[in-house]
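Single-letter residue listing:
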Amino acid sequence: MAKEYRHSVSLDRDRCKGCTHCLRRCPVEAIRIHDGKARINSNRCIDCGVCIDVCPHKAKKATSDKLADIKRFKYTVALPAPSLYGQFDNLDDIDYVLQGLLDLGFDDVYEVSRAAEVVSGLTRIYLSRDDIEKPVISSACPVIVRLISLRYPYLCENILPIQPPVDIAAHRARERALEKHPELTSEDIGIVFISPCPAKVSYIKNGSDGKKSDIDLVLSMSDIYFDLLDVMKMELSSEPISHTGMIGVSWASTGGEASALFNDKYLAADGIENVIRVLEQIDNGNFPYLEFIELNACNGGCVGGMMTVENPYIAKARLQTLKRYLPVSENWDFRDDSNAEIPEKYLSGPVEYAPVSALSSNMSEAMAKMSRIQEIHKMLPDIDCGFCGSPTCYCFAEDVVKGSADISECIFMLREKMQKAAKEEQHEDQ
Amino acid sequence: MAEAITFHFDVDGENFTSAGNASVQVKRKLRHLGFPADVIKRVAIAMYEGEINMVIHADGGSADVIVSPEEVKIVLADRGPGIPDVALAMKEGYSTASDSIRSLGFGAGMGLPNMKRYTDSMEIDTKLGVGTTITMTVKVA
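Keep in mind that this is a model prediction, so the values were computed, not measured. (Residues numbered from 1 in each chain as written. Chains lettered and ligands numbered in written order. Predicted model: local features only at pLDDT ≥ 70, side-chain atom pairs only at ≥ 80, totals over all residues. Heavy atoms only, no water.)

**Observations concerning the overall build of chain A**
Each helix and strand counted, chain A has 15 helices and 11 strands in total. Relative to a compact globule of 430 residues, whose C-alpha radius of gyration would be 22 Å, chain A shows 25 Å and is just as compact. A principal-axis box enclosing the C-alpha atoms of chain A has dimensions of 95 × 50 × 40 Å. For chain A, the residues scored as buried account for 55% of the 430 residues in total. Long-range pairs, those at least 24 residues apart, make up 78% of the contacts in chain A with a sequence separation of at least 6. Carbon together with sulfur atoms contributes 49% to the accessible area of chain A, which is approximately 20,000 Å² in total. (Helix = DSSP H or I, 4+ residues; strand = E, 2+ residues; numbered from the N terminus. Rg over C-alpha atoms; globule rule 2.2 N^0.38 Å. Buried < 20%, exposed > 50% of the residue type's maximum accessible area, 1.4 Å probe, protein only. Contact = heavy atoms within 4.5 Å. Areas by Shrake-Rupley, 256 points an atom, 1.4 Å probe, with all protein chains shown as cover.)

**Remarks on the pattern of salt bridges**
Any two side chains of opposite charge can pair, on the condition that their charged atoms come close. Residue and element names in this part refer to chain A. In this structure the tally under the stated criterion is 23 salt bridges over all chains. The partner of D108 in a salt bridge is R176, and the shortest N-O contact between them spans 3.0 Å. Placement of D108 in strand 6 (residues 108-109) and of R176 in helix 6 (residues 165-180) is noted, with a sequence separation of 68 residues between them. Accessibility expressed as a relative area gives 11% for D108, which makes it buried. On the accessibility criterion, R176 (24% relative accessible area) is partly exposed. (Salt bridge = Lys/Arg side-chain N within 4 Å of Asp/Glu carboxyl O.)

**A look at a negative patch on the surface**
Side chains of B:D10, B:D12, B:E14 and B:D59 sit close together on the surface and give a patch of like negative charge. Its location among the elements puts B:D59 in the loop between helix 2 (37-58) and strand 2 (60-67). (Patch = residues over 30% accessible without salt bridge, like charges linked within 9 Å, V, L, I, M, F, W, Y side chains within 5 Å. Lys, Arg positive; Asp, Glu negative; His and termini not counted. Charge placed at Lys NZ, Arg CZ, Asp CG, Glu CD.)

**A closer look at the sheet that holds strand 3 (residues 71-78) of chain B**
Strand-to-strand pairing in sheets goes through backbone hydrogen bonds, with the strands running parallel or antiparallel. Residue and element names in this part refer to chain B. The sheet built from 5 strands is open, its strands ordered 1-2-3-5-4 with antiparallel pairing. Whereas interior strands pair on both sides, the edge strands pair on one side only; in this sheet they are strand 1 (5-12) and strand 4 (121-127). Shown here is a sheet whose adjacent strand axes are inclined to one another by a mean of 10°, direction ignored. Inspection of the sheet shows strand 1 paired to strand 2 by 8 bridges, in the antiparallel sense. Bridging across to strand 2, D12 finds its partner in G60. Strands strand 1, strand 2, strand 3 and strand 5 (131-139) of the sheet are contacted by helix 2, whose axis makes an angle of about 5° with strand 3. (Pairing = 2+ DSSP bridges. Axes fitted to C-alpha atoms, helices over the stretch in contact; angles between N-to-C directions.)

**Brief notes about the sheet that holds strand 10 (residues 266-270) of chain A**
Residues and elements named next belong to chain A. In space, the 3 strands of this open sheet follow the order 7-11-10, with parallel pairing throughout. Each having just a single partner strand, strand 7 (136-137) and strand 10 make up the two edges of the open sheet. Here strand 7 pairs with strand 11 (residues 292-296) via 2 bridges, running parallel. Opposite I137, over in strand 11, you have I293 as the bridge partner.

Coordinates in, geometry out; function isn't part of it.
Spelled out as structure tokens, the structure:
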């Protein structure tokens with residue numbers, strides 16, 4: 001049994017009206033409605049954020065740290081995700097945003113896009129090896145990595161074994177802070193990631209791939225947006241702050257990571273439902289030969305994250321303008337040298353298959369349950385209305401067998417029962 | 001001793017985009033039943049190839065998957081044209097699929113060979129003009 005995964009997506013019970021929007025749209029059927037309120041099954045939830053997006057009552061929320069929390073540290077470094085640069089109108093230089101972060105109270109900034117360029121270099125080296133499982137699947141989106149670990153045992157080893165940019169950025173930011181300020185201890189330093197999505201918050205809170213994360217706080221992009229906007233001046237300081245090229249900025253939207261590999265044998269898909277279809281097809285083996293697969297849970301990529309402010313396609317258009325005069329990359333730590341070794345500290349642990357859907361650990365028992373589910377399912381109307389609180393009639397049958405729902409909760413079954421009772425009563429009257 | 005469970009699927013012959021759906025559903029059920037990953041993979045691939053074949057050559061058909069803790073049996077039945085020369089059809093690279101099917105990336109002549117490779121036994125019962133029934137089993141080691 002896998003250890004409990006802590007989530008950042010949660011429910012505001014007071015706002016929840018018990019409607020079925022999230023129930024129907026959750027791609028992993030993790031939501032049920034009980035006693036008029038939605039409930040998220042944390043074993044199944046992949047933090048994709050779809051329920052936050054579709055809730056008409058704003059009852060789903062993503063928890064993150066607050067800007068005031070940075071005061072707990074003597075020295076803080078902001079780690080802006082590249083999607084942040086797409087959130088502002090008329091922005092022609094990344095330094096406006098970075099200077100803004102410094103003016104908000106951070107002591108230094110380290111762009112995640114710099115680490116992204118490092119990851120691009122390392123991935124090119126990794127792809128040149130001939131002892132690896134292809135297609136290699138990006139490790140950047142934590143939703144995808146979690147989804148694969150829950151559902152696709154054979155794809156676990158295809159996941160790029162290199163840490164996502166945010167972890168490498170955190171590591172480098174801490175190293176740099178200690179170098180610049182030898183008087184500080186590691187505990188004095190607060191590494192603060194500015195996240196576009198709740199999935200990255202969860203990923204970090206769960207200790208980035210099993211290890212202790214170098215990131216101390218995670219702020220939501222939308223939470224700090226107006227504070228940042230208030231202090232942003234469209235003036236440039238004498239010293240350039242940004243060290244990011246086109247590649248790093250491109251990571252913010254779908255296709256950016258893949259196209260940075262200078263290899264045309266790639267696929268880039270986004271939107272959780274599209275991604276699931278792609279994964280099913282790779283899993284079936286009927287798939288064209290590809291070197292690399294970039295999958296993003298959010299529409300448009302990270303610019304579509306639930307903690308961003310701007311429409312993802314507008315943000316993407318802005319990034320295109322922003323990167324027009326940038327060099328290809330500013331971080332060539334790892335030149336394309338197929339003999340180069342990927343440093344141990346940037347490797348991530350293997351992704352392990354940890355299914356949650358098994359009906360029982362005993363197969364005979366699981367089969368008996370499955371038979372019962374089939375029987376109950378046949379009795380149901382199969383219209384997936386959601387009134388019972390389960391997303392589909394099939395799910396409801398499963399829930400009944402698992403003991404978490406009662407057959408009488410199906411309004412169609414109830415109606416039949418009442419009609420039958422009424423008829424019997426009539427019969428008795430006569 | 002658990003009784004075997006049968007899952008039945010109709011494979012729609014007109015809808016190419018939904019080909020492979022039965023395979024996805026079977027995969028899900030086997031996962032819920034707790035089958036080992038390699039068994040699930042072998043069943044899913046054999047089933048997928050068979051499904052595609054039924055759509056390409058036989059205008060659809062039906063798929064029954066009979067599951068017990070010892071083995072998974074897949075019975076694919078269609079009322080297509082039948083296979084004139086089974087030995088030839090089993091040869092890797094041999095295909096009678098049309099150019100339009102090939103342009104979709106199918107028809108590489110690997111369907112039947114893959115079905116045989118991924119299963120422990122495969123029987124083909126075919127009659128020209130009547131149809132084909134393929135029975136495959138994957139044993140749970």
